[in-house]
Each structure stands twice: as C-alpha cells, then as structure tokens.
Amino acid sequence: MERIDPTDISVFESKLNFVSREMGIVMQRASRSPILNQSHDFSCYVCDGVGNLISQADGVPIHTGGGGFAVERLIEYWRDEIADGDVFLLNDPYVAGGNHLPDFTVIQPVFERGRILSFVCGRAHQVDIGGGMAGTYNPNAREIYHEGIRIPPVKIVKAGTQCRDVIYLVALNTRFPEMVSADIQAMIGAVGVGSQRINELVEEFGYDMFEPLCGAVLDYAEAVVRKRIEEIPDGSYTGRDLMLNDGFSDTKVTIAVTITVDGSDLHVDFTETGPQIDSYKNSSYTNTCSAVYLAVATLLGGRIPLNGGSYRMIRISAPEGSLVNPKEPAPLTFCTHHPTYEIVHACWRAFEGAVPEMVSAGWGKPCHPVSSGQRPDGSGLFVLFHMSAQPGAGALSCRDGFDQIGQLQSLGAITMPNLEAYEQIYPVRFLSHQFRIDSAGAGQFRGGSGVEYSVEFLTASRHNLRGEGVGAPTGFGVVRGTAGQAGLVTAGSTREASEELASYGEASMEAGVLTVVSPGGGGWGDPKDRDRQSVLDDLRSGMISLECARDVYGVSE
Amino acid sequence: MTPAKTPEAKRFKIGIDVGGTFTDLSIVEDTESGPSLSFHKALSTPDDPSVGVFDALNVAAQERGISREALLSQTRFLGLGTTVATNIMVQRQGADVALVATRGFRDALSIRRGIREDVWDIRRPHPKELVPRWNRFTIEERVDSKGNVLLTPRADELDRLAEEIKAADVEAIAICLFNSFLNHENETMVADYLRRVFPNHFISVSTELIPRIGEYERTSTTVINAFVGPKTARYLIQLVTALREAGLQQEPLIMQSNGGLVGVAPLLTAPVRAVLSGPAAGGSAAASWAEISGADDVVFFDMGGTSIDILVTEQKNANHKDVTAIEGYHMVVPSIDIRTVGTGGGTIARVDPGGLLRVGPDSAGSVPGPASYGRGGIQPTVTDANLVLGRLSGDQFMAGKMPLDMHLARQAIDVGIAKKQGVSVEQSALDIIRIANENMAASLRIVAAEGGLDLRKYMLVSAGGAAGMHVSAIRRMLGMAGVYIPLQASVACSVGMLLSDIQRDQVISIVRPISEIEPEELQERLETEAGQASAELLESGCTTDKISHRCSVELRYVGQVWNISVPLDLPVTQSALDAATVRFHDRHKKLYHHDHRDQSVELVNIQFVTVGNTDKIEWREITSVKDVKPTRGERPVWFAWSDTPVDTKVFDGTTLQPGDSIEGPAVIEEKTTSVLLDRGDLARVDSFGNYVVTVKEK
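Residues numbered from 1 in each chain as written. Chains lettered and ligands numbered in written order. Predicted model: local features only at pLDDT ≥ 70, side-chain atom pairs only at ≥ 80, totals over all residues.

**A few points about the overall build of chain A**
Then step 1. Counting secondary structure elements, chain A contains 12 helices and 19 strands.
Then step 2. Its C-alpha atoms give chain A a radius of gyration of 24 Å, near enough to 24 Å, the size a compact globule of 557 residues would have.
Then step 3. Each of the three principal axes of chain A carries a C-alpha extent, and together these read 70 × 60 × 40 Å.
Then step 4. For chain A, the residues scored as buried account for 62% of the 557 residues in total.
Then step 5. Sequence-distant contacts in chain A: of pairs separated by 6 or more residues, those separated by 24 or more amount to 73%. (Helix = DSSP H or I, 4+ residues; strand = E, 2+ residues; numbered from the N terminus. Rg over C-alpha atoms; globule rule 2.2 N^0.38 Å. Buried ≥ 20, exposed ≤ 12 C-beta atoms within 10 Å, placed from the backbone. Contact = placed C-beta atoms within 7 Å.)

**Looking at the overall build of chain B**
Then step 1. When its secondary structure is counted, chain B shows 17 helices and 35 strands.
Then step 2. Taking 26 Å as the expected radius of gyration for a compact globule of 698 residues, we find that chain B reaches 27 Å, a close match to that expectation.
Then step 3. Here chain B, with 698 residues, has 53% of them falling under the buried criterion.
Then step 4. Put simply, of all contacts in chain B between residues at least 6 apart along the chain, 66% involve residues at least 24 apart.

**Some words on the domain arrangement of chain B**
Then step 1. Assigned domains of chain B: these are domain 1 (7-88 + 234-274), domain 2 (93-233), domain 3 (279-501), domain 4 (502-612) and domain 5 (631-695).
Then step 2. For domain 2 of chain B versus domain 5 of chain B, the separation of C-alpha centres amounts to 56 Å. (Domains from an automatic or database assignment.)

**What about the pairing of strand β14 (residues 451-457) of chain A?**
All names here are of chain A.
Then step 1. The buried fraction of β14 amounts to 6 of the 7 residues, a majority that puts the element mostly inside the structure.
Then step 2. The pairing of strand β13 (residues 428-435) with β14 spans 7 bridges and is antiparallel. Residue pairing across strands places Phe430 opposite Val455, the latter belonging to β14.
Then step 3. Sheet topology places β14 next to strand β19 (residues 512-517); 6 bridges connect them, and they run antiparallel. Bridging across to β19, Tyr453 finds its partner in Val516. (Pairing = 2+ DSSP bridges.)

**What about the nonpolar core?**
The tendency in soluble globular proteins is for nonpolar side chains to be buried as a group.
Then step 1. Membership of the largest hydrophobic core comes to 331 residues, with the highest contact counts inside it found for B:Val97 and B:Ile173.
Then step 2. Apart from residues no more than four positions distant in its own chain, B:Ile173 is found in contact with B:Val97, B:Ala98, B:Val100, B:Ile165, B:Leu194, B:Phe198, B:His201, B:Ile203, B:Ser204 and B:Ala226.
Then step 3. Core analysis: the next-biggest nonpolar cluster, separate from the first, contains 34 residues, A:Leu384, A:Tyr453, A:Val470 and A:Met543 among them. (Core = buried A, V, L, I, M, F, W, Y, C linked by C-beta atoms within 7 Å.)

**Focus on the interface of chain B and chain A**
Then step 1. With 51 residues of chain B at the interface, the matching set in chain A holds 57 residues.
Then step 2. Among the elements of the structure, α4 (108-111), α8 (215-245), β22 (357-363), α13 (425-451) and α17 (574-592) of chain B are those that each provide at least two residues to the side of chain B that touches chain A.
Then step 3. It is α13(B) that provides the largest number of residues to the side of chain B that touches chain A, a total of 9 residues.
Then step 4. The residue makeup of the side of chain B that touches chain A, split by class, is 24 nonpolar, 12 polar and 15 charged. (Nonpolar A, V, L, I, M, F, W, Y, C, P; charged D, E, K, R; others polar.)

**Digging into the sheet that holds strand β3 (residues 103-112) of chain A**
Residues and elements named next belong to chain A.
Then step 1. Sheet architecture is open: 6 strands sit in the order β1-β4-β3-β2-β5-β6, paired in antiparallel fashion. Strand pairing shows two members of the sheet lacking a second neighbour, β1 (42-48) and β6 (161-162), which therefore form its edges.
Then step 2. Here β3 runs beside strand β4 (residues 115-125); their pairing, made up of 10 bridges, is antiparallel. By the bridge assignment, Glu112 is partnered in β4 with Arg115.
Then step 3. Running at roughly 65 degrees to β3, helix α4 (residues 68-78) makes contact with β1, β2 (87-90), β3 and β4 of the sheet.
Then step 4. Strands in contact with helix α5 (residues 164-172) are β2, β5 (154-158) and β6; relative to β5, the strand with the most contacts, it is inclined by about 135 degrees. (Axes fitted to C-alpha atoms, helices over the stretch in contact; angles between N-to-C directions.)

**Topic: unusual backbone geometry**
Then step 1. Note that the residue after B:Gly360, namely B:Pro361, is joined by a cis bond; omega there is 5 degrees.
Then step 2. Geometrically, the link from B:Gly664 to B:Pro665 is a cis peptide bond, its omega value of 5 degrees lying close to zero.
Then step 3. Notably, A:Val479 is not glycine yet its phi reads approximately 50 degrees, a positive angle.
Then step 4. On the secondary structure map, A:Val479 appears in the loop between β15 (461-466) and β16 (488-492).
Then step 5. For B:Arg112, which is not a glycine, the phi torsion comes out positive at approximately 40 degrees.
Then step 6. Along the chain, B:Arg112 turns up in the loop between α4 and β6 (136-139).

**As for the pairing of strand β26 (residues 547-557) of chain B**
Residues and elements named next belong to chain B.
Then step 1. Direction of pairing for β26 relative to strand β28 (residues 601-612): antiparallel, over a ladder of 11 bridges. Residue pairing for β28: Cys551 is matched across the bridge by Phe608.
Then step 2. Alignment of β26 against strand β27 (residues 564-568), held across 5 bridges, turns out to be antiparallel. Considered in β27, the bridge of Leu555 is made with Ile564.

**Here's the deal with the domain arrangement of chain A**
Residue and element names in this part refer to chain A.
Then step 1. Segmentation of chain A into domains returns domain 1 (6-223) and domain 2 (360-557).
Then step 2. The centre of domain 1, based on its C-alpha atoms, is set 34 Å off from the matching centre of domain 2.
Then step 3. Contact residues are listed per partner, giving 9 residues for domain 1 and 10 residues for domain 2.
Then step 4. A per-class count over the side of domain 1 that touches domain 2 returns 7 nonpolar, 2 polar and no charged.

**Observations regarding α5(A)**
Residues and elements named next belong to chain A.
Then step 1. Those residues of α5 lying buried are Ile167, Val170 and Ala171. Looking down the long axis of α5, one finds its buried residues gathered within 95 degrees of arc, a one-sided arrangement. Opposite its buried face, α5 presents the exposed residues Asp165, Tyr168 and Leu172, each directed more than 90 degrees away. (Arc of directions from axis to C-beta.)

**Regarding helix α1 (residues 6-30) of chain A**
Then step 1. If you check α1(A), its first and last C-alpha atoms are 36 Å apart, about what 25 residues at 1.5 Å a residue would give, namely 36 Å.
Then step 2. For α1(A), the tally of buried residues reaches 22 of 25 residues, placing the bulk of the element in the interior. (Expected span 1.5 Å × (residues − 1).)

**Points about the packing of α1(A) against helix α6 (residues 177-205) of chain A**
Residues and elements named next belong to chain A.
Then step 1. Contact geometry for α1 and α6: axes closest at 8 Å, N-to-C directions at 160 degrees. In terms of axis orientation, α1 runs roughly antiparallel to α6. Considering only the axes of α1 and α6, their crossing is right-handed. Together, Asp8, Phe12, Lys15, Val19, Glu22, Met23, Val26, Met27 and Ala30 of α1 and Ala186, Met187, Gly189, Ala190, Val191, Val193, Gly194, Arg197, Ile198, Leu201 and Phe205 of α6 make up the contact between the two elements.
Then step 2. Of the residues belonging to the contact of α1 with α6, the class tally is 14 nonpolar, 2 polar and 4 charged. (Parallel < 35°, antiparallel > 145°, perpendicular 65-115°, else oblique. Left-handed = near helix turned anticlockwise from the far one by under 90°.)

**Some remarks on the confidence of the model for chain B**
All names here are of chain B.
Then step 1. Put simply, chain B has an average pLDDT of 90, and 97% of its residues get 70 or more.
Then step 2. Considering only residues more than four positions removed or in separate chains, one finds that residues 1-7, a stretch of pLDDT under 50, has 7 contacts.
Then step 3. Across the interfaces of the predicted complex, the ipTM metric reaches 0.93, alongside a pTM of 0.93. (pLDDT = per-residue confidence, 0-100.)

**A short note on the sheet that holds strand β9 (residues 265-269) of chain A**
Residues and elements named next belong to chain A.
Then step 1. Taken together, the 4 strands give an open sheet; going across it, the order is β7-β8-β9-β10, and neighbouring strands pair in mixed fashion. Every interior strand has two partners, whereas the edge strands, β7 (235-243) and β10 (314-317), have only one. When the angles between neighbouring strand axes are averaged without regard to direction, this sheet yields 20 degrees.
Then step 2. Of the strand pairs in this sheet, β9 and β10 are connected by 4 bridges, and their pairing is parallel. Looking across to β10, one finds that Leu266 is bridged to Ile314.
Then step 3. Contacting β7, β8 (253-262) and β9, helix α9 (residues 340-350) crosses the sheet at an angle of about 145 degrees to β7.

This is the structure:
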C-alpha cells in the first residue's frame, strides 16, 4: 500500500474529532432532559466498521473508552441484517456492550457502496429507566431487573423509517415517557448528522482511503501512547482501594489490581479483586475497561490522543463473576460512580512507587444523597441532586487539587448550578456553601478542599443515601502527601439538632436541615516541601488551621 | 451631540482603536465634495496607551498640515476603544479588592461552579481568584427566594464589617449578597454604609451593575468591576483631561463590550462594561459591511498576528451573548459574541511526537515573530509558509515598511518540518497552510453548529492584516456564499467606532411564569429604567431626540435552565407579552427542533437596551475612473493543485477601479494586506472600492 500523507492523517483526525463534537452540539441543543442539556451527561463518538473507537469523543470520560464494545455486540447480533438507514438502540451491559442501564446508546451504521465503513454513536444518561426507584439509581436493587428496562441492540429506525412501536415500548417502561422519547429523537438526530459528516469525509478523502486513514489514526494514537508508557519502568505493580460498604452492610469491598508493564505493553489484572456483590456497586466489563482507560489517560497527563489505538497496548483481565465483570443478573447501575472511583484509584496507586510524578492523589468520594419530595404547592414530585456538595480533587505533581469540583468519572467537568437558581426551582433555602478548614490532604501540593453545604428543606423530603466518602478518608495522599478528611452527612430539624445519617439505604425527614460536609482530596508530596508562601496563604485564608501549618507543614510565622 | 456653530468648525469625526501592536485612527473629514475617510497608524504604547492615541492624532494632524489642537477643536465626534481594563485582566494587575458576601457564601467566587473548559487538560489549575479568601468578608443577612427580607443587617454587624475592611487595606470593595437580584434593600444598605465609611474607595455593587440571577456570575462580575475599577477610572479621567487640554471640546465616547459607545462619566463606576472594548467595534463594522455588501448575514473574520476574532451578524446585527469570560474570569455583561481562535500569521507549525504536522495554538507573536521577520524567531509560522509559497511578497509586506526574509523562512520550514517529514520545503509550506485553513474552517463549523447557522447563506467578511491570504480557501471549504474584503479591512475596528451608536444595556431578573406578569407593572419598572438610561445617555452628550429604547426577554419552559432571548415590543402590553411567547416557541423550534406550545413559559431575565443614535459615515460610491491598470507583473506562486509553481498575476490594489474583475489565480496587494485568489475565484471591485470574491461561473 502506498504511504499515507501524514498531513492527510492530521486533517482526517481533526475532522473525525469534529464529527463527535458536532454530534454533541446537536445532542445538547435537541435534548429535552436537564441531565443532557444542562449537565451534559452524554457523549458522542465514532467507530470504524468493526467497532474501533476512531474519534476523540465529545463528552464524559467514563462513557466512551469502552464505547466500541456496543458496536461489536451489535455486529455480532445483527450480522448481515444491518442495512443502510438503520439506527439501533441498546443499553444492556450483559448482552449489548452497554456500561449501565441508564446510559442509552444510539448507533447508526454509515454505508458507502454497500459496505459499512463506520458507526456513529451517542450515549446519554436518561432521566428515568423504570425499575424500583425514580431517577435511574435503585439502591435496593439485588438484580438488574430491579434497576430498569434492559435493551439489547434493537432497531429503532429500519431503513429510514422509525419503528414507533419499539420506541414507545422503551419509553413506556420509564416514568417520563415523553421526555425519554424526546431524548431518543435527539440522539437519532445527532447520529444522523454524524453519519452525513462521515459520508462527506469519504467523499473528500476517497472511498479507498477511508479505511487506511482510520487505521493510520489508530496507529498514530498507539505510537504516541506507547512512547509515553515506555517511560514507566518495567515491572509488576499492585494497587488497591476500598468501598467502605457493600450497599447493604458495612462489609468493606476491595478493588485490587496488578499492573504489569512490559516495554510499552500494560497488563491490568483484577484477579485479586473479590467476587460480585449483591448491590448496584458492581462494574460492568465495559465500565471496568473505561475506568482503566480513564486511569491510564490521566496518568499520562490527559493530553494524549484518545481513541481505540490509545488503548491497544492495554490488556485487561477481569475474571467473570468478579466485582469488575459480574455475571447476570448482578445489579450494577452505580458503577459509573462506584467502583469507578475505586478502579481508577487502585490503578493510580499501583504506579505511586514507580512513577510518582505521574500519579494523582485520590479524589475525595462524594457523600451527598439524592433528595426528593412533594412540592408544597401541590405541583408534584421534585428530585434534587446536590451538585454543590461535591468533594475536593486529588493533587498532582504540578498543582493543588481542585477545591470542590465535579466527580472523578467526568474529571470534574460537570458544571454546578447556582444556588440562587436552585432556590427558584426547589422548595429549599441554602444556609451555607463554603470551604471546609483542614479538609484538604496536605502535601507539597495540597488536595482540593471539601465544602460545608447546608440546606433547609421547606417541606418533607426523602433521601437516597450514598455516603461513599463518609466514615474514613477517601482522597488518599501519595508520595508522603496525606489523605483528605472524610465527609459527614447529617440531618435534623435544625443544623444544631442534626444527627448523622447512614452511608447507604434511605432516610426521610419532615421539613428540616440537611448538611453535607464533603471530603477533601489527597495531597501530593511531602507537606514539608510545600512552598512556604502557599502555606502562609492557606493559613491566612482559613483553608488550614494554625496547628496544621505548624505540625503538618512545619511552618510558623 | 451639541450642534456645531458652523459645519466647518467641526469637520472631523475620529475613531481610534488601540491594538496590541498598532493604534489605528480612522478619520472622516467633511469636504466640499462630501465626507472623505482616511486612516493613520501609530505604534501602541501598552504602558500608557494614551501616548499612542496622541501619537496617532499627531500623525493625522501633520498629514493635514494643521496643529493637533486645531484637529481636536474641529472634531465633533471622537470614539475610542480602550484596552486598559483588558490589560489589567490579562496581566492580573488590578486593585486589591475586598468582597462582601452573605454569611456562609463567601466562596462562590472561588468554587466558580466547578467550570473546567477542557476536561482532559487535567494539569492546568483554575485561574487564581481575584480576591483572596482573607479579603472575602461576610455579613449576616438574608433575602428569600421570593424577595422577602428575612434578616436585615444589624448595625453592629456593619461596624464590624467596616473594621475588617479597614484592616484589609484595599482600594476597592465589591458587594454581592445572596438573592439581592430579587430585592436590593440589604445590599443597598450595606453599600450606603460602606460608602459613608470609605468615601474614597471604589465601590462596586452587584445590583447597581447587573441585578441578575446567579450568585457566581454576579459576584464575579462585581469583583472584576472592582478589580479594574480604580486604574481604569484614573486612566479615563486622565485621557479625557488631556484631550480637553489638547483642544477637544466634545465629550469623547468609549467603546463598551456590547459594541455601543458611552461617555466616560457612566463608565467610571462600571468599567467592567469595557473589558472587551477592543474588538467590540468590529460588530458595528461587520454590520455596516453586511449592509453594503448586500448580505444580511455575514461572518466577520478578523485575523491578526496571533489570533482570529470571529463574530456573526444576523439580519445586519452582530450577535450578542450575556456571559463572557476573559482569562477564565466570567462576566455577565452583555457583549458582542466574539470567538477568539488561536490561529494567526505568527502561529507556529511543528511536527508532534507522533510524527504528524500540527499548527498552533501557540504563536510567535510580534516578538520574536515569524522567522522571516528576522528578529530571532526560528520556528516556522503561517506567515513564513505564505512567503515561501510566493503568496506574500517579501518586499511589499506592510507596504514595504517591513521586508520579509525568504531565506530565514525557508530555513525554518526546512529544519522544523520538511527534513523531519522527508518532503520539500514548498510541500511543507503547503501542508502548513492546509492545516491552518482546516483549523480555521473547523472553528467556523463549530460556531455554525452551535448557532444553527447555514453557512452557505453567509458572506465571509475579511478583516485584519492576515485574513486575505486565507479567506478564499475557507470560503471554498465551507461552501459559503462569498467573501467580502473591505478596503478598510486592516483597520476594521477603528472604522467600527465611527459606525457605532451610544448604547446602555441593563439586565433585570424576574423569574416568574409569563402568565403571571402584570404588563402595567413591568412597563412601570421599564419606564424607571428608561429614565435612568436616558439620563446616562444625556450625560454622554446625546440629545433626547436621538434616544430610543428596545427590550428583549429571556424565556424558557418551566423546568428548563437554558434561556432563549426574544424581542419584547414596547410598551409592554398583554399582546406584546403574548407575541414574545410565540417568538420563543418559534425560536425554540428552530434551535432545538422541538417546541411545546401547551407548556408554561417562564420569564427569567429582561434586557433593556437604550440607544442614542450617532451620525454615521456614509459609504460613498466611487465614480471616478482612471484609464491605467498597472499590475506588478507575475510571480511564481505555489498551489496545492500544481506540482510546479504557477505564474500568477500580481495587482497593486490601490490602482484598481470599481467594476474591475480579476480571475484567480492572482494576488492583490493592498497597503496593509494581501489577498490570495485561487483558481476559479473571481474578484470584482464593487462601487465602494471593496472586493467581492465569488466562484467564477463556468
């Protein structure tokens, strides 16, 4: 084959990335539910004709690393019955390569001269999927059937004609059928634009060149990432992280990983991780892979090409029946949060000894509940995500951790609402939202600070408890940095009269105050090496106490 | 404006744009044969921009053979862009500020809603907050979500607050209390008190600036205002005094971020309105050129040495946005919607670790600049590539005032790119241009996708010195309607000053279903606004007969968080509100492909705009015809479609006449810019002397 012009590769790659980006814009503009058009909890990506991720995805990091699996399962299931003008929908993690049920994936094959050259995909978190609890997360689930509707790869558009019955079947199995239908339509619109753009690319670069260029884009990413991995000394490294409860009891659950570096190859082995558990904190294989890819990409500094080629050198062993590759019908809806944190943390910790300057300290784990109740004006149900009660992030060797920031699975990219806007929408009054002294892990670079977040509910409320960051520090320190402080969640008629809530299960209360004291992120490096002025500034800011400055940082004025 | 005693006495109108490298001055002079427009340049003086302003005025006066005093005393309009506030933000060299927040909420500024522009850029920290935490003070008070005062600040609390601020030793104070947009009683009480205690401090109050929902953005805006306030105010006062002393009798007008002008006095308390002053005048220029080019919708593409400013006009109006950022600091100040893209003439090309050619986003700037500038730059840039390809002329660059060194350009590309990729220098240069054009086109595609624009209907207006080399290719890549290259392209913003109105924007948040809005009550509130705004415009030298008002409302379906802005007819009546609601449904359908006419619509913000019309320059059609049409002969130029250089005609643009047509491939050299026409392009000189480039009909 003739040599491909590197400038063609460069231009082709940038155009592919734009296809994802434009699908994302269409998706955001056309979607109905606030999860999508405000919180941007969706991702768009492009695969080649066999399911290799070929574009840098637009969206949430945890969504797409394993995005190609859905295409592979789709091809396996439909084989030669895939036709031009078809669009598919799926969500099931066991049979369809989904990550968890709330994320619906819509896929359109792109045909050229009767052959499939590419698949364009959108993956989006739905507002509801039926199941045992409104809002897609059912903490009481013991089987996937309790979590919501399972969708294998189904055709929702057949040769250009929408299958109204199938879309209706899916929507009717949710609590907000109208909104879910609208969001499916938005996804169909987005992949429609994506497939048109791929056709234009084929026309611009030539039918014969499309596949070689896809191959070149993957090879390019692989070469860049391999070079970076070669910087890591060969060896076998282990790391682990804990969940403090298994969802139904205080039994600790360990995620253990052994990563073997051999030249530029990585073998990520979860054999030491325990068996699947009863609660929704198992991780689908797809999610496990995405979490590993997220860990590696962040380890390498984030600024690498992000497509299937970037992950070719990573082999993942996740034993069937384990927590990171459970057998049907284990529930697993919570996996994009937990054990995603634990998988990423375990991978990072594995490398602490070998390449400390590449490793991030742990991000504090969230501990805020999802609250709901009836509006006092009789206008119905409200569901409130306490997005401003997030923890702090872990420090890196070049910066402090982000003070209160969105969660690890999105690398903090979820924008929080203004509390003034929340007061207009929900029957609540905020009492405080401010940094929490000494919550950040200490280090040469300190962790991000957690917050004291206190909100008064003006009506009775119910809380789905998810206190992962409660009970012990979760944002671990690295290279002699210390861990960020644990979180605390309390509720009562007033803040003073509040009592600590459990870290799983449910709670309800009459009108009263909920307070989330969120965890801090871990510190990086020896606190004694921290720049003196930064310590004094933190002290003067009230981010650290006098005792901390003196005893931990060894700085006195 | 005060009418001149005699037309001759006030025969000049002047627009001045202070740029990074040059201070551009556009001047209209009334002559017997009508108004005549000309341009002058001086080097910018970032340490004290007024020096550059006076230098430019000196040049303009000298070329007319009159004194600067005579020039200024005969000037009836002086519009100025200011980069003072912008530079304070870029260099973070503003005032020490104390922030006053409601107890429990002092960290909104620092939490900044967790906004991270680039998810994967995990090593980059947030920008450092403009007010350190130790200068963020709180007061016990509270307004509820309906606007009721739950807790009034106590006197002893106010005393304590004043003591704390005194001890902090700051120059400026920003006050932004929770829910103050619903009821400013508490905030005003705190402000009044602090103004008494600190009569000489710059005090910035959120509800005086922008009573809009959202504690993060409102706080950030109030803080930026305080941060840039003292220095900007000092500069403006000094500039006005100097201009007056130098003979100017007219009140000078300053360009705001919203693309409208304002007198200095109102800006002294709200300098945040001018933080994006510089490029904002491009909006008026773009709208004006949209008008004379005959296109309603244009994309204005202003390409300089380090970046491109892109803005879009629809129906001859520049698009606005209400939240904008500078260096990662957010402001809710109505602004011209300008996208800045990191590709310019000085943008650097390199081979990345994976062996692919990349262009940008970093730039060689003006120092050291492109390799061919001969100022020590060794990395190849877009300008170097254009030179190597014969598209730019080494001795005609900047009208010959700045010769480019071909040898250095070739060397940089050879060492940096060609040798590494095993191709010729010319091929590398073509690749650099291809990727640079691709990057620019991609930016426009994103603008189009986000705004739902059909680019095929848009005219690309070329502005800035570097755009002419690229606009034809970009038009082609995007299938746009055509390219319009005004003669004044390289001084677009200073011309824009002469085309702008005086304007004041006010935003009010009223979060309520539109069905619950009492039209009379709203009309009353807007009349109060109108009174205040008119007073400000009169202060800016406007006269009552020139003042008009317009209004738009931001609406959403109940439960949504994004708003859509639609016009609201004045005066506010029930039918005006109904019409706005219908416009909202229509717009929602256009943007999001669905609407819900049976659902409840909620009002969120009201934008009230007061405009004071100024006399505009009228573009004159050129009628004189000269009979010679000299060219600069031919020179070899490289194009992607030929393996060998193509002998290409070169025209001296200053000699071309209305009606002339030039077929590509060709290069047209103007004084401060050059235009590349590719094969199949047809450039026609229109009756204003500007170029319209379209595809040659086959």
